[in-house]
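# An overview of the molecular structure
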Amino acid sequence: MRKGSYTTFVGAPQGAILRAHQRHYRALRRSYEGSSQRGFTLIEMVIVITMLGALLALGGVFIVQPFEAYEDVARRARLVDVAETAMMRMTRETRMALPNSVRITSSSSDPRHALEFLATATGGRYRQQVDDTGAGDPLDRTLAADSFDVLGGLQGAVAVGSQLVIYNTGDLGLDAYKGDNSAPITGVGAASLSFAKGSAPAFPADSPQARFYVVTGPVSFVCDADSGTLRRYAGYPIQATQPVSDAALGGAGALLADNVSNCGTAFTYNDGGGSRNGLVTFRLTITEDGERVSLLQQAHVLNIP
């Protein structure tokens with residue numbers, strides 16, 4: 001009869017029964033060994049782990065490098081964009097500077113290196129004398145207050161309170177920073193301007209080309225070596241001595257760029273030695289995570305008042 005998974009022989013000798021059990025277990029063992037997988041030895045496992053480590057290290061080189069290259073390119077592009085945007089802003093505004101108003105700090109001990117100029121909104125030519133029919137309103141610069149015709153009309157918006165400047169050479173007695181040759185605008189017409197100054201004459205000298213400029217106020221670009229920042233300042237009063245500190249410039253300014261590392265040489269100015277144009281040079285170096293980007297740009301400024 002069968003019982004479980006093996007056969008019991010009733011009435012068989014004990015030896016025959018034992019041999020039958022042995023044959024049965026050997027058959028089961030062969031069946032088990034044939035159907036099961038052979039395990040790994042310790043040496044084989046070490047070899048496999050070593051090979052996997054080598055493959056991962058080799059694969060990491062090919063996987064990580066493209067990501068690092070992408071990060072480098074993206075960082076470099078970001079730094080170039082920051083520097084180029086700041087350069088374009090400074091160049092565009094400096095080109096609108098009042099002639100002979102650009103000034104740069106020269107102190108090597110001050111970590112703040114600054115460029116300042118008087119920003120103009122517009123300009124034109126003023127009437128110097130009446131026409132053949134006796135009509136017209138010429139400028140009388142010897143008065144403390146007067147009005148005059150603008151030849152060709154005004155170009156651009158002019159705000160009351162802006163400064164009217166005539167013949168700014170930057171020399172003694174003709175320096176707009178000191179108020180020598182400027183007066184507040186009190187009235188604006190379609191083709192005329194009015195001004196009023198506390199004392200006469202309002203303007204010490206005539207412009208040889210009868211030019212005038214309308215100044216909206218000073219603008220400063222300040223590179224701070226301590227903080228590694230480049231900032232723009234505006235809205236503060238015109239001062240005879242160039243201001244550098246935040247207190248004198250009326251606040252913290254607007255951030256144009258950070259991580260700047262060349263503040264000592266950020267601005268240079270060649271006044272042209274009496275020629276028609278001066279030349280302002282901007283140098284900007286930005287450093288981040290070992291990456292360095294340096295840009296140079298120049299702007300011509302009109303120096304004929």
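Heads up: the structure comes first, above all this text.
Residues numbered from 1 in each chain as written. Predicted model: local features only at pLDDT ≥ 70, side-chain atom pairs only at ≥ 80, totals over all residues. Heavy atoms only, no water.

With that out of the way, let us pick up the packing of aromatic side chains. One pass over the full model with this rule turns up six aromatic pairs. When the centroid spacing of 6.2 Å and the interplanar angle of 35° are considered together, the rings of F117 and F221 count as tilted. Taken together, the residues F117 in strand β4 (residues 112-126) and F221 in strand β9 (residues 211-224) connect sequence positions 104 residues apart. Taken together, a centroid distance of 6.1 Å and an interplanar angle of 90° make the contact between F267 and F282 edge-to-face. Residue F267 is found in strand β12 (residues 267-270), and its partner F282 is found in strand β13 (residues 277-288); the two are separated by 15 residues along the sequence. Residue classification places F267 among the buried positions, given a relative accessible area of 4%. Counting every residue linked through ring pairs, the aromatic cluster contains Y126, F148, F195, F203 and F212. Geometry around Y177 places R103 over its ring, the cationic atom sitting 3.6 Å from the centre. (Phe/Tyr/Trp six-rings, centres within 6.5 Å; stacked < 30°, edge-to-face > 60°. Helix = DSSP H or I, 4+ residues; strand = E, 2+ residues; numbered from the N terminus. Buried < 20%, exposed > 50% of the residue type's maximum accessible area, 1.4 Å probe, protein only. Lys NZ or Arg CZ within 6 Å of the ring centre and 35° of its normal.)

Our next topic: the state of the cysteines. For the structure shown, the criterion picks out one disulfide. Between the sulfur atoms of C223 and its disulfide mate C263 the distance is 2.0 Å. On the sign convention where negative means left-handed, the S-S torsion of about -70° between C223 and C263 marks this disulfide as left-handed. Pair noted here: C223 is in strand β9 and C263 is in the loop between β11 (254-258) and β12, with a separation of 40 residues, a long-range link. Of the residues examined, C263 reaches a relative accessible area of 4% and is grouped as buried. (Disulfide = S-S within 2.5 Å.)

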